[in-house]
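As a plain string of letters, each chain reads:
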Amino acid sequence: MKMEEIPTLPQDIIVEILIRLPLKTLLKFTSVSKSWLSLLSDSQFHKTHINFSMNNPKFTDYTLAAVPTVSGLGKICHVYTIRSENSSVIVSKHECPSKTLSLSAWILGSCNGLICLTTDSFNLMLLNPCTGKFNVFPDLMIEYEVGDGGVHIRYGFGYDAYAEDYKVVKMFSFPRIDNEGKHVNMVSVYSLKGNSWSSIQGFDSGHVNGNVGVFANGVFHWEGCCDYVSGGISSEIVTLDLAKERYGRIALPRYEGGGIHWTLGESRGRLVACCNYESNKADMWVMKEYGVEKTWTKLVTISSPDDGRVNISPLFVAENGDEVLVKLGTEVTLYNSRNASFKRIADYVSTDDFLQVQVATYLESLASPHI
């Protein structure tokens, strides 16, 4: 008796099915056959999967990597899965297959499922926590004369879609002695594809705040001071277009007086800004249309539950904006605007002796840290 052959689906149909499956299932499918391993390892499939995930949030789980520093204990990494369900944000502990994240590390950013970190040996690392694959390369060191104001170092990590290349930006910011409040910024870029650092044209600005630039829409964003005005400092967003290597500025939303401090974030491809006031409250804004300043829209005003002043940083916003995941001092907290409640996500370790905590949200993907 002749056995009937199992029909084979066209490759494009197979891809359309696979990009809708959970990442955990895709990882299992790499063991099905050599042809499936080849397909799931292909960079073009990775791009298709990432693009689909970013444009179809209901199919997508984001993850949160948290690296707290605890006095006497060093740094321990915890990873959580974030998903939207019935307009609510659900956060649960995520099993990370990689042991590499337990390194004493500093998170420099995330993009397409890859996290960029520092290590203990003057190297940088790209890591995919979902697959456990990583790539280590040298950090940039330069010689410079430190003036009275010292030097401030800023980083950024993102993907250049035109060059199809992951890149790290490192900025050395020096105060200008002849112009109070102004800084000279020297900038270099690491290309993963070229495996090398190169200098690009720098720029002058006010003080650039935040150690890590927020990457959204192909552009890095740092909160910066543009002018000293009566009663305080005027702030703006300093930008660097990664592909064009062009600097720019974006105006922040109008805000109340009261000694503010801005923090920036990105959620589902949109730029988010949080205005922290001395009165222990914060206004959270989202830019609905990138680059169009009049589309800044206030999502919510959050009053901190703590007596002491702590800065609130945006991490993830639900589709309807009712729930936002924020970094509140040293804690990661889910804020519900419907009842003004806070829910602490989890205890990182069994102690409250925190020194600091770094967090990054990222999209689960099969992206490779090698090109």
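In what follows, the structure referred to is the one given above.
All values reported here derive from a predicted model rather than from experimental measurement.

K.L.:
Lay out the sheet that holds strand β24 (residues 341-344) with the relevant residues and their values.
P.N.:
Backbone hydrogen bonds are what pair the strands of a sheet, in a parallel or an antiparallel way. Pairing is antiparallel in the open sheet, where four strands are placed in the order β21-β22-β23-β24. A strand with exactly one partner marks an edge of an open sheet, and here the two such strands are β21 (312-317) and β24. Shown here is a sheet whose adjacent strand axes are inclined to one another by a mean of 35°, direction ignored. Here β21 pairs with strand β22 (residues 323-328) via five bridges, running antiparallel. Bridged to Pro314 within β22 is Val326.

K.L.:
Talk me through the environment of Leu18; I want residue IDs and the actual numbers.
P.N.:
When you line up the elements, Leu18 lands in helix α1 (residues 11-18). Expressed as a C-alpha distance, the spacing of Leu18 and Phe29, which sit eleven residues apart in the sequence, is 9.5 Å. Beyond its immediate stretch of four places on either side in the chain, Leu18 contacts Leu26, Phe29, Trp36, Leu39, Leu40 and Phe45.

K.L.:
A description of the packing of α1 against helix α3 (residues 34-41) should follow, citing residues and the corresponding values.
P.N.:
Each pair of packed helices can be described by the angle between their axes along with the distance between the axes. α3 packs onto α1 with a crossing angle of 65° between their chain directions and a minimal axis gap of 12 Å. By the angle between their directions, the pair α1 and α3 is classed as roughly perpendicular. The chirality of how α1 crosses α3 is right-handed. Contacts between α1 and α3 pair Gln11, Ile14, Val15 and Leu18 from the former with Trp36, Leu39 and Leu40 from the latter. Partitioning the contact of α1 with α3 into residue classes produces six nonpolar, one polar and no charged.

K.L.:
So, a nonpolar patch on the surface: which residues are in play, and what are the values?
P.N.:
Together, Leu9, Ile13 and Ile17 make up a nonpolar patch on the protein surface, roughly 250 Å² of accessible area in all. When you line up the elements, Ile17 lands in helix α1.

K.L.:
With reference to specific residues and values, describe the pattern of salt bridges.
P.N.:
Considering all chains together, one arrives at eight salt bridges under this definition. Glu236 is the salt-bridge partner of Arg249, the closest N and O atoms lying 2.8 Å from each other. Of this pair, Arg249 sits in strand β16 (residues 246-250) while Glu236 is found in strand β15 (residues 232-241), placing the two residues 13 residues apart along the sequence. Residue Glu236 is classed as buried on the basis of its relative accessible area, which comes to 11%. Between Arg338 and Glu323 there is a salt bridge; the shortest N-O distance is 4.0 Å. One end of the pair, Arg338, is in the loop between β23 (331-336) and β24; the other, Glu323, is in strand β22, and 15 residues separate them in sequence. When its relative accessible area of 7% is taken as the criterion, Glu323 is described as buried.

Conventions adopted
- The residue numbers shown here count from 1 along each chain, following its written sequence.
- pLDDT decides what is reported in this predicted model: residues at 70 or higher carry local features, side-chain atom pairs at 80 or more are listed and counted, and totals for whole chains, interfaces and linings draw on all residues regardless.
- With hydrogens and water excluded, all non-hydrogen atoms of the structure serve as input to the side-chain values.
- By this definition, two strands are paired if DSSP reports at least two bridges between them.
- A run of H or I in DSSP counts as a helix once it spans at least four residues, and a run of E counts as a strand once it spans at least two, with each numbered from the N terminus.
- Fitting a line to C-alpha atoms yields each axis, with helices limited to the stretch in contact; the angle taken between N-to-C directions then spans 0 to 180 degrees.
- We call two residues in contact when some of their heavy atoms are within 4.5 Å.
- Angular relationships are summarised with four words: roughly parallel below 35 degrees, roughly antiparallel beyond 145, roughly perpendicular across 65 to 115, and oblique for the angles in between.
- Helix crossings are classified by the rotation of the near helix relative to the far one: an anticlockwise turn of less than a right angle makes the crossing left-handed, while a clockwise turn makes it right-handed.
- All amino acids are sorted into three groups, where Ala, Val, Leu, Ile, Met, Phe, Trp, Tyr, Cys and Pro are nonpolar, Asp, Glu, Lys and Arg are charged, and the leftover types, Gly among them, are polar.
- Excluding any residue in a salt bridge, patches collect residues exceeding 30% relative accessible area, merging like charges within 9 Å and nonpolar Val, Leu, Ile, Met, Phe, Trp and Tyr side chains within 5 Å.
- The accessible surface values rely on the Shrake-Rupley method and a 1.4 Å probe; as for residues, cover is taken only from the protein chains in view.
- Salt bridge, as used here: a side-chain nitrogen of Lys or Arg that lies within 4 Å of a carboxyl oxygen of Asp or Glu.
- For each residue, the accessible area found with a 1.4 Å probe, counting protein chains only, is set against the maximum for its type, and the residue is called buried under 20%, exposed over 50%, and partly exposed in between.

Taken by themselves, the reported measurements are silent on function.
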